[in-house]
Amino acid sequence: KFYQLLNSSSTSENDIQTFLETNSSLIPLPFILNHALNGNSVISKLNLGNTYVTDFAYLTKSTVKWQLVLIELEESKKKFFTKENLFSAEFNRALAQIDDWKIYCDKYKDRIMKQTNALRNPLNGNPVEIFYVLIYGRNEEYQNDEYRSAKIAELEKNSNLRVMSYDSLVSEFRYKTAHYEDKNKIILSPRGDEKFSLKYHSNVYGSFLFDRIDPNYLEIPKNFHSELLNLGYDIKKWL
């Protein structure tokens, strides 16, 4: 179904966003640390001030630090390269947007820490590093071309950036499901500057999210209450 979506000429970035939110095991997790995905949850549309909006964001931690990973989705039809093996204008614009995010995050990191503080519990005081993921195009442009592959790899060298094609999301999904169980994720939406709302629970049980986040900072729509109770969460007690 995902490939059908990617191959359709009418597919937009919003179509891809919606598909990934409702099929959350396809959302990639580069830069993951040894404590795995925090709360087994991914944030949809985290704002960076009034100027930028990430498509996805998630937190991961070790015992000594956090990593906040920001993801940008671009259209699957966009090209990486020109015929002359130069990066295309569209790809350069996508890279420039990531650079804009970096500038914002460097300048206003305290704001981002406030936005995500409720999710960084416990160990809120540990340092946070920010990483970036650009999901763009298809791998047919470079998978059998050493020069083009090397150009993309050079972007990631000694960098906090990862560039992924949409095909690599499928490859990662297939690898994961072949080696351990399918990993669906909880999807959260920001509400104001510090709060979140549950957007999709993806039938996930066993998340530490509800153990660690204060109900004052997480809104659970009433239509989800009975479903979460059926999954084994004592939502009434949590509330």
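Rules used in this analysis
- Residues numbered from 1 in each chain as written.
- Predicted model: local features only at pLDDT ≥ 70, side-chain atom pairs only at ≥ 80, totals over all residues.
- Heavy atoms only, no water.
- Core = buried A, V, L, I, M, F, W, Y, C linked by side-chain atoms within 4.5 Å.
- Buried < 20%, exposed > 50% of the residue type's maximum accessible area, 1.4 Å probe, protein only.
- Helix = DSSP H or I, 4+ residues; strand = E, 2+ residues; numbered from the N terminus.
- Contact = heavy atoms within 4.5 Å.
- Pairing = 2+ DSSP bridges.
- Phe/Tyr/Trp six-rings, centres within 6.5 Å; stacked < 30°, edge-to-face > 60°.
- Lys NZ or Arg CZ within 6 Å of the ring centre and 35° of its normal.
- Salt bridge = Lys/Arg side-chain N within 4 Å of Asp/Glu carboxyl O.
- Axes fitted to C-alpha atoms, helices over the stretch in contact; angles between N-to-C directions.
- Parallel < 35°, antiparallel > 145°, perpendicular 65-115°, else oblique.

**Student:** Help me get a handle on the nonpolar core, residues and values and all.
**Tutor:** Counting 46 residues, the largest nonpolar core has L70, F210, L218 and I220 as its most contacted members. The element best represented in this core is helix α3 (residues 89-107), accounting for seven residues. Excluding its chain neighbours within four sequence positions, the residues that come into contact with L70 are L46, L48, T54, F56, A57, W101, C105, I130, F131, Y132 and V133. F2, L5, L26 and L73 belong to the second largest nonpolar core, which has 25 residues in total.

**Student:** How would you explain the sheet that holds strand β8 (residues 186-191) if you had to name every residue and give the values?
**Tutor:** With respect to topology, eight strands assemble into an open sheet ordered β7-β6-β5-β4-β1-β8-β9-β10, the strand pairing being mixed. Two strands bound the open sheet, and with one partner strand each, they are β7 (161-164) and β10 (218-219). As paired elements, β8 and strand β9 (residues 195-200) share five bridges and run antiparallel to each other. Of the residues in β9, the one forming a bridge with R191 is K195.

**Student:** Now, about the packing of aromatic side chains: what can you tell me, with residues and values included?
**Tutor:** Given two aromatic rings, one states the distance between the centres and the angle between the planes to describe the pair. In this structure the tally under the stated criterion is 15 aromatic pairs. Where Y104 meets Y108, the ring centres are 4.9 Å apart and the plane angle is 40°; that geometry is what we call tilted. The exposure class of Y108 is partly exposed, given its relative accessible area of 26%. Residue placement shows K151 over the ring face of F87; its charged tip is 4.5 Å from the ring centre. Of note, R162 hangs over the ring of F31, and the distance from its end group to the ring centre comes to 4.8 Å.

**Student:** Tell me what's going on with the pairing of β8, and back it up with residues and numbers.
**Tutor:** Within β8, five of the six residues are buried, leaving the element largely enclosed by the surrounding structure. Two elements, strand β1 (residues 41-44) and β8, share three bridges in a ladder whose sense is parallel. The residue of β8 that forms the bridge with V42 is I187. Between β8 and β9, which follow one another and run antiparallel, lie three residues, and G192 among them has a positive phi close to 75°.

**Student:** A description of the pairing of strand β6 (residues 128-135) should follow, citing residues and the corresponding values.
**Tutor:** On a regular strand, each side chain points to the face opposite its neighbour's, so the side chains alternate between the two faces of the sheet. Taking burial as the measure, the eight residues of β6 include seven buried ones, the bulk of the element. As paired elements, strand β5 (residues 66-73) and β6 share eight bridges and run parallel to each other. Paired with E72 across the bridge in β6 is L134. Two strands pair when backbone bridges link them, and β6 and β7 are joined in this way by four bridges, in the parallel orientation. What sits directly across from L134, in β7, is V163.

**Student:** How would you summarise the environment of L5 if you had to cite specific residues and measurements?
**Tutor:** Turning to its location among the elements, L5 is positioned in helix α1 (residues 2-7). Judged by its relative accessible area of 18%, L5 falls in the buried class.

**Student:** Pulling in residues and values, what's your account of the pattern of salt bridges?
**Tutor:** Per the counting criterion, the structure on display carries seven salt bridges. Ionic pairing is found between E74 and K78, a salt bridge with its closest N-O pair at 2.6 Å. Pair check on accessibility: E74 and K78 agree, each one buried. Between K176 and E172 there is a salt bridge; the shortest N-O distance is 3.3 Å. Here K176 pairs with E172, and both are found in helix α6 (residues 166-179), just four residues apart, close to one helical turn. On the accessibility criterion, K176 (15% relative accessible area) is buried.

**Student:** Describe the packing of α3 against helix α4 (residues 109-116), listing the residues and the values that go with them.
**Tutor:** At a closest axis distance of 5 Å, the pairing of α3 and α4 adopts a crossing angle of 85°. Taken together, the axes of α3 and α4 are roughly perpendicular relative to one another. Where α3 approaches α4, its residues Y104, C105, D106 and K107 are matched on the opposing element by K109, R111 and I112.

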